[in-house]
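# A closer look at the structure
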Amino acid sequence: MERTKFQKALEIAASVTGIVALLITAIGFPGIGFSVALVASFMYATYGYLTKQYGIMISSLIYGVVEVVGIIRWVFMGETG
């Protein structure tokens, strides 16, 4: 299946967003990092849906749940380690 320009751009944007999220988390801002990663997961889930790659969509939604837990733990519960 040939991907559209939008699908290719979405894949690249999701990858870059995910990498930025990892870097933000690694430098000591996990609340922001998990929030950015949640956006990347949403983009990957959208990409999976649009390309009919439902495994990617489901795994992205599972990662999204992990990121929500991370946001809750680091932002709202104040855990640092």
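Small disclaimer: the values here were computed from a predicted structure and weren't measured.

## Things to note about the pattern of salt bridges
Under the defined criterion, the tally for this structure stands at 2 salt bridges. Of the charged contacts, one joins Lys8 and Glu2 as a salt bridge, the two residues approaching to 3.7 Å between their closest N and O atoms. On the accessibility criterion, Lys8 (34% relative accessible area) is partly exposed. Using a relative accessible area of 65% as the deciding quantity, one classes Glu2 as exposed. A salt bridge links Glu11 to Arg3; the nearest nitrogen and oxygen atoms lie 2.1 Å apart. Glu11 gets classed as partly exposed once you look at its relative accessible area, which sits at 28%.

## Some thoughts on the environment of Ile72
Within the element layout of this structure, Ile72 appears in helix 3 (residues 54–76). By relative accessible area, Ile72 is classed as partly exposed at 39%. Along the primary structure Ile72 and Phe34 are separated by 38 residues, whereas in three dimensions their C-alpha atoms are 9.6 Å apart.

## Topic: the packing of aromatic side chains
Under the counting rule described, the total for this entry stands at 1 aromatic pair. Note on Phe34 and Trp74: the rings are 5.2 Å apart at their centroids and 25° apart in plane angle, and the pair reads as stacked. Within this pair, whereas Phe34 is found in helix 2 (residues 30–50), its partner Trp74 is found in helix 3, the two being separated by 40 residues in sequence. For the cation-ring pair, Arg73 lies above Trp74, with the distance from its terminal atom to the ring centre recorded as 5.9 Å.

## What about unusual backbone geometry?
Unusually for a residue other than glycine, Lys52 sits at a positive phi of about 60°. Relative to the helices and strands, Lys52 is located in the loop between helix 2 and helix 3. Lys52 sits in the exposed class, given a relative accessible area of 55%.

Analysis parameters
- Residues numbered from 1 in each chain as written.
- Predicted model: local features only at pLDDT ≥ 70, side-chain atom pairs only at ≥ 80, totals over all residues.
- Heavy atoms only, no water.
- Salt bridge = Lys/Arg side-chain N within 4 Å of Asp/Glu carboxyl O.
- Buried < 20%, exposed > 50% of the residue type's maximum accessible area, 1.4 Å probe, protein only.
- Helix = DSSP H or I, 4+ residues; strand = E, 2+ residues; numbered from the N terminus.
- Phe/Tyr/Trp six-rings, centres within 6.5 Å; stacked < 30°, edge-to-face > 60°.
- Lys NZ or Arg CZ within 6 Å of the ring centre and 35° of its normal.

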